[in-house]
Amino acid sequence: GAGVSQSPSNKVTEKGKDVELRCDPISGHTALYWYRQRLGQGLEFLIYFQGNSAPDKSGLPSDRFSAERTGESVSTLTIQRTQQEDSAVYLCASSLEWGGDQPQHFGDGTRLSIL
Amino acid sequence: SQQGEEDPQALSIQEGENATMNCSYKTSINNLQWYRQNSGRGLVHLILIRSNEREKHSGRLRVTLDTSKKSSSLLITASRAADTASYFCATWYTNAGKSTFGDGTTLTVKP
C-alpha cells in the first residue's frame, strides 16, 4: 500500500503569507505526528493526533501554527503570517497506534522557504 | 533540550568497515528507536530496543542499550555506500507521550 504522502513537496512564499501543508497518512493508522526539521538538525516535535482524542499541541512554537485532522485521515498544518524563521522541512509521520513501541512511518516532507 | 544526543556528529569510513554511532539520553526511558534518513527524504525506522533489553540484531545492524549509562549504540557491520545517510535515535518515556529525536549522526561510506 501507499506510504505517507505530503504535499506540496516544496513551497516558496513571501514573509507574511499563510501556508497550508497537507499530510495523507497510511490507511488505518490512528496516530499522526508533525515535526519540523531545520537544516542539519534533528526533528522538533510540533503536534500529534491520536484517534478522537484531543491533540497534543505542546510543541507548536507559537499561535501562528495550527493543525487539524479529520478522523483518522488527512491532516493539515497551517502557518499564518509566515516568518523567515519558519523556513524548514516539515515532516509528517503516522503509526498504527499511539505509543513508543510503534514505528513511525514518515513522508518525505514539505520544504518550506520563506523569502 | 533534546532527550537523545548522537555522537559523533559526522563519521566517514571506507566501504566494508564497521560504523558505530552512539546515543545518550537524560532521563529513564521506556524504549529507544533508531531511524535512518537519506538526503531529502523522510526517516525510515530501523530497529526498536526496549528498556529491559540489552542487545538486538537486525541483518547488519546491532543495537545495544545500557540503561545504567543512559546510552545506546548502533553498529553497522560491513558498511556499503548505500548506508550513507543520517542516523537518529528517538527516545520515548511515558510521561512525555511522544518521541524525542537527537540531532543525528551523518555517516558517509566511501566506495
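Residues numbered from 1 in each chain as written. Chains lettered and ligands numbered in written order. Predicted model: local features only at pLDDT ≥ 70, side-chain atom pairs only at ≥ 80, totals over all residues. Heavy atoms only, no water.

1. Examining the pattern of salt bridges
Residues and elements named next belong to chain A.
Then comes step 1: In this structure the tally under the stated criterion is nine salt bridges over all chains.
Then comes step 2: Asp24 is the salt-bridge partner of Arg22, the closest N and O atoms lying 2.9 Å from each other.
Then comes step 3: Residues Glu44 and Arg38 are paired through a salt bridge, measuring 3.9 Å at the closest nitrogen-oxygen approach.
Then comes step 4: On the basis of relative accessibility, which here comes to 28%, the residue Glu44 falls in the partly exposed class.
Then comes step 5: Judged by relative accessible area, which is 28%, Arg38 ranks as partly exposed. (Salt bridge = Lys/Arg side-chain N within 4 Å of Asp/Glu carboxyl O. Buried < 20%, exposed > 50% of the residue type's maximum accessible area, 1.4 Å probe, protein only.)

2. Structural notes on the environment of Ile76 of chain B
Then comes step 1: Looking at where Ile76 of chain B falls in the secondary structure, it is placed in strand S8 (residues 71–76).
Then comes step 2: Sequence spacing of Ile76 of chain B and Val63 of chain B is 13 residues, and the spatial spacing of their C-alpha atoms is 9.0 Å. (Helix = DSSP H or I, 4+ residues; strand = E, 2+ residues; numbered from the N terminus.)

3. Some words on the interface of chain A and chain B
Then comes step 1: Taken together, the contacts link 22 residues of chain A with 21 residues of chain B.
Then comes step 2: Summing both sides of the interface, chain A and chain B together bury roughly 1600 Å²; the carbon and sulfur share of this comes to 52%.
Then comes step 3: Considering only the side of chain A, the residues that lose the most area to chain B are Leu43, Gly100 and Asp108 of chain A, jointly responsible for 30% of the buried surface there.
Then comes step 4: Counting the contacts that link chain A with chain B gives two salt bridges.
Then comes step 5: Residue Arg50 of chain B pairs with Asp101 of chain A through a salt bridge whose shortest N-O separation is 3.9 Å.
Then comes step 6: Linking chain A with chain B are six residue pairs in polar contact (both at pLDDT 80 or more), by the criterion used here.
Then comes step 7: Breaking the side of chain A that touches chain B down by element, the ones donating at least two residues are strand S4 (31–37) and strand S5 (43–50) of chain A.
Then comes step 8: Its residues placed into classes, the side of chain A that touches chain B shows eight nonpolar, ten polar and four charged. (Contact = heavy atoms within 4.5 Å. Buried area = accessible area lost by both parts, 1.4 Å probe. Polar contact = N/O pair within 3.5 Å; in protein donor to acceptor, adjacent residues only side chain to side chain. Nonpolar A, V, L, I, M, F, W, Y, C, P; charged D, E, K, R; others polar.)

4. Side note on the environment of Leu96 of chain A
Then comes step 1: Structurally, the position occupied by Leu96 of chain A is in the loop between strand S8 (88–95) and strand S9 (105–106).
Then comes step 2: The sequence separation of Leu96 of chain A and Glu85 of chain A amounts to eleven residues, and the corresponding C-alpha distance is 32 Å.

5. Description of the sheet that holds strand S3 (residues 19–25) of chain B
Residue and element names in this part refer to chain B.
Then comes step 1: A sheet is described by the order of its strands in space; here five strands give the open sequence S1-S3-S8-S7-S6, paired in antiparallel fashion. Two strands bound the open sheet, and with one partner strand each, they are strand S1 (4–7) and strand S6 (55–58). Taken over all neighbouring pairs, the strand axes of this sheet differ in orientation by 20 degrees on average, direction set aside.
Then comes step 2: Two strands pair when backbone bridges link them, and S3 and S8 are joined in this way by six bridges, in the antiparallel orientation. Its bridge partner being in S8, Met21 is matched across the sheet by Leu74. (Pairing = 2+ DSSP bridges. Axes fitted to C-alpha atoms, helices over the stretch in contact; angles between N-to-C directions.)

6. Some thoughts on the pairing of S6 of chain B
All names here are of chain B.
Then comes step 1: Looking at chain direction, S6 and strand S7 (residues 61–66) are connected through four bridges and run antiparallel. Paired with His57 across the two strands is Arg62, which belongs to S7.
Then comes step 2: The antiparallel pairing of S6 with S7 creates a hairpin that spans two residues between the two strands, and Gly59 there sits at a positive phi of about 60 degrees.

7. Focus on the sheet that holds strand S7 (residues 75–79) of chain A
Residue and element names in this part refer to chain A.
Then comes step 1: Read from one edge to the other, the open sheet built from four strands follows the order S1-S3-S7-S6, with strand pairing classed as antiparallel. Both edges of this open sheet fall to strand S1 (5–7) and strand S6 (65–69), since each of them pairs with a single strand only. Across the sheet, the axes of successive neighbouring strands diverge by a mean angle of 15 degrees, strand direction being ignored.
Then comes step 2: Pairing of strand S3 (residues 19–24) with S7 involves five bridges; the strand directions are antiparallel. Counterpart to Cys23 in the pairing with S7 is Ser75.

8. As for the confidence of the model for chain B
When pLDDT is low, close inspection of the predicted coordinates is not appropriate.
Then comes step 1: Here chain B averages 92 in pLDDT, while 95% of its residues score no lower than 70.
Then comes step 2: Within chain B, the element-level pLDDT minimum falls on S1 of chain B, averaging 81, and the maximum on S7 of chain B, averaging 98. (pLDDT = per-residue confidence, 0-100.)

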